[in-house]
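Observations on chain architecture
Each chain, written out:
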Amino acid sequence: MEYTLVTLILLMAILIYFQIADKYNIIDKPNHRSAHTQITLRGGGIIFPVAFIVFCLFNLNSAIENYWLFGLGLLAICTISFIDDIKTLSNKIRLAIHLISVVLLLYFTGAFTLMPFWVWPILFILIIGTLNAYNFMDGINGMTGMYSLVTLASLAYINQEVIEFTDNDFIVYPILACLVFLFFNFRKKAKCFAGDVGSMGIGFWVIGLITLLIMRTGEYKFILLLAVYGMEVVLTIIERILLKENIFEAHRRHLYQLFANEKKVSHLVISTVYALAQLLINVFLIYSQLPLWAVVLIIFIPAGGLYLALKWSLKKEYNL
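Note that the structure is a prediction, hence the values are computed from the model and not measured.

**Considerations on the side chain of T109**
Mapped onto the elements, T109 comes out in helix α4 (residues 91-109). By relative accessible area, T109 is classed as buried at 6%. Apart from residues no more than four positions distant in its own chain, T109 is found in contact with G208, T211, L212 and M215.

This is the structure we're talking about:
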């Protein structure tokens, strides 16, 4: 009953946001780098920070005691991202808020206590890089929602069946938010896009959960719950560096963009394939007893080879 009520609250919240976005013209206009062609409401991903607020209301004592640091970080990064959705901000301002949010996240997960001092800079780089990867990959209908749903569902399974590392509701609420968001986004003609507030918000939540899991188990293999995004972004950055392009400028070199823009494959098909690919990796991660180096090789050698082969084929076909 609780989850049904929460879903209805989130549904009402996003419908109210649509009215506000429509009134104040918070829209995404397609450009030459876009994978869409129609003007669409932006910022539908505001449902994710709203989901955390609802989580706090339904779990007040636990939220005050255990989740306030996470909440401050999430709301800070979502607020600055939402402002950036409306009006482009300085990179320095965004980076400063991102750093503050990551500090709060690391305090929340206990990483500052459990990890040696020299590892902290690596954690900062890794988390901020992953957040930006989440943002880079949010380019077609369904991608952010489907991929996050698979990752969150995997984390929920681990929490229930393998090892408890957090309150179950702390995973279920973002799952419900993903389902509500996907109802409006997983369409041929999406009602809304996540915007930076959505990709950063759900990315921050997922990263927080994975960090909690790693701190609880000491198993670094769980970083690979985001292996598909990580591989795509890293290989694309390497490609752009080799081509002497500015890696901070928007582009259309991701494999999913080539399929969507050049091959004209349905956004929904691409998003589903990416989510299923990550799901297969997650199943292997959960049940594998192999050492980390073996897990990495088993995942990245075939996946990386397939990725490079597909990209080379598409670039050759379309003379890119």
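On we go from here.
**Some thoughts on unusual backbone geometry**
For residues that are not glycine, phi is negative in most cases, and the peptide bond is trans in most cases. One non-glycine residue, N25, adopts positive backbone phi at about 60°. On the secondary structure map, N25 appears in the loop between α1 (2-23) and β1 (27-28). Of note, K244 is a non-glycine position whose phi angle comes to about 60°, a positive value. Mapped onto the elements, K244 comes out in the loop between α10 (227-242) and α11 (255-262). We classify K244 as exposed; its relative accessible area is 78%.

**So, the packing of aromatic side chains**
The tally for this structure, following the rule as stated, stands at 29 aromatic pairs. Geometrically, the ring pair formed by F55 and Y173 is edge-to-face, given 5.5 Å between the ring centres and 80° between the ring planes. Taken as a pair, F55 in helix α2 (residues 47-58) and Y173 in helix α8 (residues 169-185) lie far apart in primary sequence, 118 residues in all. Three or more aromatic residues joined by ring pairs form one cluster here, namely Y3, F52, F55, F58, Y67, F70, F108, F170, Y173, F204 and W205. Note that R187 overlies the ring of F183, its terminal NZ or CZ placed 5.1 Å from the centroid.

**What about a nonpolar patch on the surface?**
A grouping of Y157, V162, L276, L279, V283 and Y287 is seen on the molecular surface, where their side chains present a nonpolar patch of about 550 Å² in accessible area. Contributions of two or more residues to the nonpolar patch are made by α7 (143-162) and α12 (267-287). Relative to the helices and strands, Y157 is located in helix α7.

**Structural notes on the layout of surface pockets**
Computed from the structure, the second largest pocket encloses a volume of approximately 710 Å³. Along its surface, the second largest pocket is lined by 29 residues, and L126, T130, I223, L224 and L226 are the ones closest to its centre. At the level of elements, α6 (120-136), α9 (195-217), α10 and α13 (292-317) are the ones that each hand at least two residues to the lining of the second largest pocket. Ranked by the residues each element gives to the lining of the second largest pocket, the list is headed by α6, at 8 residues. Considering only residue class, the lining of the second largest pocket consists of 25 nonpolar, 4 polar and no charged.

Calculation notes
- Residues numbered from 1 in each chain as written.
- Predicted model: local features only at pLDDT ≥ 70, side-chain atom pairs only at ≥ 80, totals over all residues.
- Heavy atoms only, no water.
- Helix = DSSP H or I, 4+ residues; strand = E, 2+ residues; numbered from the N terminus.
- Buried < 20%, exposed > 50% of the residue type's maximum accessible area, 1.4 Å probe, protein only.
- Contact = heavy atoms within 4.5 Å.
- Phe/Tyr/Trp six-rings, centres within 6.5 Å; stacked < 30°, edge-to-face > 60°.
- Lys NZ or Arg CZ within 6 Å of the ring centre and 35° of its normal.
- Patch = residues over 30% accessible without salt bridge, like charges linked within 9 Å, V, L, I, M, F, W, Y side chains within 5 Å.
- Areas by Shrake-Rupley, 256 points an atom, 1.4 Å probe, with all protein chains shown as cover.
- Salt bridge = Lys/Arg side-chain N within 4 Å of Asp/Glu carboxyl O.
- 1 Å grid on protein atoms, 1.4 Å probe; cavity = no way out; pocket = protein on both sides within 12 Å on 5 of 7 lines; lining within 4 Å.
- Points joined across faces, edges and corners; volume = space filled by probe spheres on them.
- Nonpolar A, V, L, I, M, F, W, Y, C, P; charged D, E, K, R; others polar.

That is the geometry; function is a separate question.
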